[in-house]
Amino acid sequence: MSEMIAETAGHQNSSLGDQIVERINRLAKISETPEHLARVFLTPEHRAAAELILTWMRDAGLQAHIDAIGNVCGRYEGERPGLPCLMLGSHYDTVRDAGKWDGPLGLITAISCVADLHTRGRRLPFAIEVTGFADEEGVRFASTLLGSRAVAGTFNAHVLNSKDSAGISIRDALSEFGLDPDHIGAAARAPGELLAYVELHIEQGPVLEAENLPVGVVTAIAGATRLAVNLTGMAGHAGTVPMLLRRDALAGAAECITMIEELCRADEGGLVGTVGYIHAMPGATNVIPGQASFTIDLRAPTDVHRKRAVTDIVRHIEAVAKRRNLVLQVDVTHENRTVPCAPWLKAQVADAVAAEGYPVFELPSGAGHDAMAMIDIADIAMLFVRCRGGISHHPDEHVDMADVDAGARVLLRLIENFRPGAPFPDM
Ligand SMILES: [Zn+2]
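Residues numbered from 1 in each chain as written. Predicted model: local features only at pLDDT ≥ 70, side-chain atom pairs only at ≥ 80, totals over all residues. Heavy atoms only, no water.

What about the overall build of the protein chain?
The helix and strand inventory of the protein chain stands at 12 helices and 16 strands. What you see for the protein chain is a C-alpha radius of gyration of 24 Å, in line with the 22 Å of a compact globule of 427 residues. Counting only C-alpha atoms, the protein chain reaches 85 × 55 × 45 Å along its principal axes. Within the span of the protein chain, comprising 427 residues, buried residues form 52% of the whole. Considering only contacts within the protein chain whose residues lie at least 6 apart along the sequence, 78% involve residues at least 24 apart. Approximately 18500 Å² of the protein chain is accessible, and the part contributed by carbon and sulfur atoms is 53%. For the protein chain, the distance from the average position of its 37 positive side-chain charges to the average position of its 55 negative side-chain charges is 3 Å. (Helix = DSSP H or I, 4+ residues; strand = E, 2+ residues; numbered from the N terminus. Rg over C-alpha atoms; globule rule 2.2 N^0.38 Å. Buried < 20%, exposed > 50% of the residue type's maximum accessible area, 1.4 Å probe, protein only. Contact = heavy atoms within 4.5 Å. Areas by Shrake-Rupley, 256 points an atom, 1.4 Å probe, with all protein chains shown as cover. Lys, Arg positive; Asp, Glu negative; His and termini not counted. Charge placed at Lys NZ, Arg CZ, Asp CG, Glu CD.)

Pasting the structure below:
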């Protein structure tokens, strides 16, 4: 049924979708190599993409400039100049061998929505700003969200010294790009300037497709904990040590991995757990593994839930190690908090979805986004658009035209009906 609605609705106003897809394709041509899409922070491709986005913003009636970290920032004044803004945005950097929708869809859709208001001469009781973030993926410097952190005023000056694989520091790369590394603070916005931050993004997962829905309302960006686990047993001869006398670290790790998967599968609250790396020593066919190391990545929609799961899993691993007489070491290597979407703002996204004729479906985001940084300066919400097969960070990433259009119409409706969450004296 939702598909029928989507088709009908998409047919009524396909101009937004047409323009967005055409621009997605043009931006995708700006790449390190023609075969594999890669557009990385502070490179000639970054520059070329920023220039193209600037022209799109200006055509849409936004006053636009490149800020102190290389973000493209546009502003569409409200009923009178100088009003606080509803900020929309996403990133335009990519991973290597990327899809063309991750990031640009949200940015380009926002520009097209403003263009639509501009064409109709529509001004709202607040300003609209669109920000194209220059670095979200963190491909070049192994430090993510550099663009949005600069805007949120949380850019850590220590990272200026981190280097890319060629030994070039962020500081030098900024200078080379024509930006002053000592003035990144100029990109920071004051909290009072933003009424909210809303990001449209492809889902990067298969849930909306399974639900047969073009769009979904994000509840929160899931926090994550990463653990490094090391089990030490005793290496030995594969032929001479009887099974009952072994201290096989790899067999112990295998038991842990199965347990983690079972625990996560049994969870009904959206917990996901992944063991994505394992290494066994000494790593020979005829030697009992004396040592095994593996990683765990755990994510859940709330911090309480995730922390409970971490405790639970560590307790289970301890039990496995004890029973198998293995020495255990567990280290937390990474932890980031859950970023909730503000209930008042999420409700407005849901209203816009419903008003466009789609069922309101809520889901957490398992992937990180610029909104994670923007929450330090404003309440945030996100709208997800279905992507084919849930495939992302891959050249097969794809969004159907009808879904692009659905996302654009929901975002436009959200903008036009937007009401600030806190009483705002000037409105
Ligand atoms: Zn993204």
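Having seen it, we continue.
Describing the packing of aromatic side chains
Counted according to the given criterion, the structure contains four aromatic pairs. When the ring of Trp-344 is compared with that of Phe-418, the centres are 6.0 Å apart and the planes differ by 45°; the resulting orientation is tilted. Separated by 74 residues along the polypeptide, Trp-344 in helix α10 (residues 343-355) and Phe-418 in the segment after α12 (401-417) bring together distant segments of the chain. Owing to a relative accessible area of 24%, Trp-344 belongs among the partly exposed residues under this scheme. Among the aromatic side chains, those forming a connected cluster through ring pairs are Phe-126, Trp-344 and Phe-418. The positively charged end of Arg-47 is found above the aromatic ring belonging to Phe-177, 4.0 Å away from the centroid. (Phe/Tyr/Trp six-rings, centres within 6.5 Å; stacked < 30°, edge-to-face > 60°. Lys NZ or Arg CZ within 6 Å of the ring centre and 35° of its normal.)

Thoughts on the coordination of the zinc ion
Those donors, His-91 (NE2), Asp-102 (OD) and His-201 (NE2), are the protein atoms that reach the zinc ion, and they lie 2.0 to 2.2 Å from it. The sequence motif formed by the donor residues of the zinc ion is H-x10-D-x98-H. Residue His-91 is located in strand β3 (residues 85-91), and its partner Asp-102 is located in the loop between β3 and α4 (104-119); the two are separated by 11 residues in the primary sequence. By the burial criterion, His-91 is buried, and Asp-102 matches it. (Donors = N, O, S within 2.8 Å, 3.2 Å for Na, K, Ca; no water.)

Structural notes on the confidence of the model for the protein chain
Of the residues in the protein chain, 95% have a pLDDT of 70 or more, and the chain-wide mean is 94. Note that pLDDT drops below 50 for residues 1-13; the model gives that stretch 16 contacts with residues more than four away or on any other chain. (pLDDT = per-residue confidence, 0-100.)

A short note on α10
A rise of 1.5 Å per residue sets the reference length of α10, with its 13 residues, at 18 Å; its end C-alpha atoms lie 18 Å apart and thus fit the reference within 8%. Of the residues making up α10, those classed as buried are Leu-345, Lys-346, Gln-348, Val-349, Ala-350, Ala-352 and Val-353. Along its buried surface, α10 packs onto β5 (194-202), β6 (215-221), β15 (362-365), β16 (380-385) and α12. Of the residues one or two after α10, Gly-357 is the one with positive phi, at around 90°. (Expected span 1.5 Å × (residues − 1).)

Points about the packing of helix α8 (residues 249-266) against helix α9 (residues 303-323)
A pair of packed helices can be characterised by two numbers: the angle between their axes and the separation between those axes. Closest axis-to-axis distance for the α8/α9 pair is 10 Å, and the angle between their directions is 150°. Comparing the axis directions of α8 and α9 gives the class roughly antiparallel. As for how α8 packs across α9, the hand of that crossing is right-handed. For the pair formed by α8 and α9, the contact residues are Gly-252, Glu-255, Cys-256, Met-259, Ile-260 and Leu-263 on the first element and Asp-312, Ile-313, His-316, Ile-317, Val-320 and Arg-323 on the second. (Axes fitted to C-alpha atoms, helices over the stretch in contact; angles between N-to-C directions. Parallel < 35°, antiparallel > 145°, perpendicular 65-115°, else oblique. Left-handed = near helix turned anticlockwise from the far one by under 90°.)

As for unusual backbone geometry
Cis rather than trans, the peptide bond between Met-281 and Pro-282 has omega equal to 0°. Within the secondary structure layout, Pro-282 lies in the loop between β10 (278-281) and β11 (287-288). Non-glycine residue Leu-42 carries a positive phi angle of around 60°. Notably, Asn-325 is not glycine yet its phi reads approximately 60°, a positive angle. Mapped onto the fold, Asn-325 is located in the loop between α9 and β13 (327-336).

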